[in-house]
Amino acid sequence: MATTKITSIKSTESKALAYIADPKKTDNGRLIYTFCCDENPIKASKDFDDIRATGTGRNTVLSRHMIISFLPGEIIPERALELGKEICRRFLNDEYQYYLAVHKDKEHIHLHCIFNNTNMVDGLI
């Protein structure tokens, strides 16, 4: 059974995006999917900034980092990526930018999703 954790990113967002985009962990980027942001982590952070600039600016949280970890042998990387897309579509309702990456560098497959804390539709948190 998978476990999920969501944390806040208040600084170093570009470093967090670079970490989850690591080619050694994502099968040379094959296990990455982005929504309304660039696949390049530095550019994705800038894309997030651009949306935040249109928002209310009343929060210190830049983005959120969701990690879903699966038991060894529970899922294959490709299915984890598809599941991540489905979760993001339902949870974020196509209103928030996100950067999704599946890591297969450990015994267990795990999915990282960093999503902007500011809504693209109305600029709210």
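Anything mentioned here points back to the structure above.
Rules used throughout
- Residues numbered from 1 in each chain as written.
- Predicted model: local features only at pLDDT ≥ 70, side-chain atom pairs only at ≥ 80, totals over all residues.
- Heavy atoms only, no water.
- Core = buried A, V, L, I, M, F, W, Y, C linked by side-chain atoms within 4.5 Å.
- Buried < 20%, exposed > 50% of the residue type's maximum accessible area, 1.4 Å probe, protein only.
- Helix = DSSP H or I, 4+ residues; strand = E, 2+ residues; numbered from the N terminus.
- Contact = heavy atoms within 4.5 Å.
- Phe/Tyr/Trp six-rings, centres within 6.5 Å; stacked < 30°, edge-to-face > 60°.
- Pairing = 2+ DSSP bridges.
- Axes fitted to C-alpha atoms, helices over the stretch in contact; angles between N-to-C directions.
- Expected span 1.5 Å × (residues − 1).
- Arc of directions from axis to C-beta.
- Salt bridge = Lys/Arg side-chain N within 4 Å of Asp/Glu carboxyl O.

A separate point is the nonpolar core. Core analysis: the biggest nonpolar cluster contains 18 residues, and Phe70, Cys88, Tyr98, Leu100, Val102 and Cys113 have the highest contact counts within it. Mapped by element, the contributors of at least two residues to this core are strand 3 (63-69), helix 3 (77-92), strand 4 (98-103) and strand 5 (110-116). At four residues, the largest contribution of residues to this core is made by helix 3. Excluding residues that lie within four positions of it along the chain, leucine 100 makes contacts with Leu31, Ile32, Tyr33, Leu81, Gly84, Lys85, Cys88, Leu111, His112 and Cys113. Of all hydrophobic cores here, the second largest spans 12 residues; its members include Ile9, Ala16, Ala21 and Ile114.

Attention shifts here to the packing of aromatic side chains. This model, assessed by the stated rule, comprises three aromatic pairs. Geometrically, the ring pair formed by phenylalanine 91 and phenylalanine 115 is edge-to-face, given 5.9 Å between the ring centres and 85 degrees between the ring planes. A residue pair is termed long-range when its members are at least 10 positions apart, and phenylalanine 91 in helix 3 and phenylalanine 115 in strand 5 qualify at 24 residues. For phenylalanine 91, a relative accessible area of 49% translates into the label partly exposed.

Ordered by their spatial adjacency, five strands build an open sheet running 1-3-5-4-2, and the pairing between neighbours is antiparallel. Lying at the two open borders of the sheet, with one neighbouring strand each, are strand 1 (3-9) and strand 2 (32-35). In this sheet, adjacent strand axes meet at a mean angle of 15 degrees when their direction is disregarded. Pairing of strand 2 with strand 4 involves four bridges; the strand directions are antiparallel. Paired with threonine 34 across the bridge in strand 4 is tyrosine 99.

Let's shift gears to helix 3. The terminal C-alpha atoms of helix 3, which comprises 16 residues, lie 22 Å apart, in line with the 22 Å expected from a rise of 1.5 Å per residue. Taken residue by residue, helix 3 has Pro77, Ala80, Leu81, Gly84, Lys85, Cys88 and Leu92 as its buried positions. Looking straight down helix 3, one finds that the buried residues subtend no more than 140 degrees of arc, so they occupy a single side. Positive backbone phi, at 55 degrees, marks asparagine 93, one or two positions downstream of helix 3.

With 12 residues, helix 2 (residues 41-52) ought to run about 16 Å at 1.5 Å a step, and its terminal C-alpha atoms sit 16 Å apart, in line with that. Taken together, the buried positions of helix 2 are occupied by Pro41, Ala44, Ser45, Phe48, Ile51 and Arg52. Burial along helix 2 is one-sided: seen end-on, the buried residues are contained in an arc of 115 degrees. The inward-facing, buried residues of helix 2 abut helix 1 (13-20), strand 3, strand 4 and strand 5.

Our focus in this paragraph is the pattern of salt bridges. For the structure on display, the rule yields eight salt bridges. Lysine 25 serves as the salt-bridge partner of aspartate 105, at 2.9 Å between the closest nitrogen and oxygen. Here aspartate 105 is found in the loop between strand 4 and strand 5, whereas its partner lysine 25 is found in the loop between helix 1 and strand 2, with 80 residues between them in sequence. Lysine 25 gets classed as buried once you look at its relative accessible area, which sits at 14%. We note a salt bridge from arginine 90 to glutamate 86, for which the minimum N-O separation is 3.3 Å. With arginine 90 and glutamate 86 both in helix 3, this residue pair falls four residues apart, about one helical turn. Exposure remark for glutamate 86: the relative accessible area of 31% places this residue in the partly exposed category.

Note that every value here comes from positions in space, so none of it alone points to a role or purpose.
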